[in-house]
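# A look at the structure
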Amino acid sequence: MKFLFPAATAALFTFTTVAFAHEYTVGDLVIDHPRAFETAKTAKTGGGYLLVTNNGDTADRLIEVRADFPKVMLHTTEETDGIARMMHVDAIDIPAGETVALEPGGFHVMFMGLNGDPFEVGEEVPATLVFENAGEVEVMFNIEERSSGHDHKEDHSEHKITN
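Before going into details, it helps to say that this report is about the structure given with it. Remember, it's a predicted structure, so these values are computed and weren't measured experimentally.

### A word on the overall build of the chain
- From N to C terminus, the chain includes 1 helix and 12 strands.
- What you see in the chain, going N to C, is helices and strands ordered as α-β-β-β-β-β-β-β-β-β-β-β-β.
- The burial tally for the chain puts 37% of its 163 residues in the buried class.
- Excluding contacts between residues fewer than 6 apart, the proportion of contacts in the chain whose partners are at least 24 apart in sequence is 68%.
- When the accessible surface of the chain is summed, it comes to about 9,500 Å², and 53% of that surface belongs to carbon and sulfur atoms.

Printed below as a string of structure tokens:
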């Protein structure tokens, strides 16, 4: 019985560490903290964000994201004269030895077709990231609350999409 408590404690600590880490690995790539922000009830789209670190010696590319939505695309945001435009990109380069951020105002995943089913804090969105060399990895995008200092570039629910 005295061995059960240390084993249970170790198991709980390991589970807790993994749960808080929210990190995934495929090949030489480490995907950290996939997340999306809560959306308005009328939102038709939501943005997904994460970090990808390439610990290898060879560049890779994020070429696709699959999830249970009518359409999922990789986008970038370009700002001209104070107006942000989102544009589809075919892939996102992940150079060897570097970290690439998919973040508000830059590269991001676009989940399209929410149509009355908004992202709500605490929900999770399962998705598959597809890399050109490393292959596929299943991840979970946690839906998080928007910060009180919300920047308009974070909200994709009312923006027009340019393909």
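### Regarding the nonpolar core
- Residues I31, L129 and F131 are the most contacted members of the largest nonpolar core, which totals 29 residues.
- Look past the residues within four positions of L129 in its chain and what remains in contact with it is I31, L50, L62, E64, V65, G135, E136, V137 and V139.

### As for unusual backbone geometry
- Despite not being glycine, H33 has its phi angle at roughly 50°, a positive value.
- Mapped onto the elements of the fold, H33 is located in strand β2 (residues 29–37).
- Residues other than glycine seldom take positive phi values, yet N115 does so here, at roughly 40°.
- Considering the arrangement of structural elements, one finds N115 in the loop between β9 (108–112) and β10 (124–131).

### As for the pairing of strand β4 (residues 60–67)
- Strand direction decides the pairing type here: β4 and strand β7 (residues 92–94), joined by 3 bridges, are antiparallel. Looking across to β7, one finds that R61 is bridged to D93.
- Here β4 pairs with β10 via 5 bridges, running antiparallel. Counted as the bridge partner of E64 is V130 from β10.

### Re the side chain of H22
- Along the chain, H22 turns up in the loop between α1 (4–21) and β1 (23–26).
- Owing to a relative accessible area of 8%, H22 belongs among the buried residues under this scheme.
- A polar atom in the side chain of H22 sits 2.7 Å from the backbone oxygen of M140.

Reading the values: the criteria
- Residues numbered from 1 in each chain as written.
- Predicted model: local features only at pLDDT ≥ 70, side-chain atom pairs only at ≥ 80, totals over all residues.
- Heavy atoms only, no water.
- Helix = DSSP H or I, 4+ residues; strand = E, 2+ residues; numbered from the N terminus.
- Buried < 20%, exposed > 50% of the residue type's maximum accessible area, 1.4 Å probe, protein only.
- Contact = heavy atoms within 4.5 Å.
- Areas by Shrake-Rupley, 256 points an atom, 1.4 Å probe, with all protein chains shown as cover.
- Core = buried A, V, L, I, M, F, W, Y, C linked by side-chain atoms within 4.5 Å.
- Pairing = 2+ DSSP bridges.
- Polar contact = N/O pair within 3.5 Å; in protein donor to acceptor, adjacent residues only side chain to side chain.

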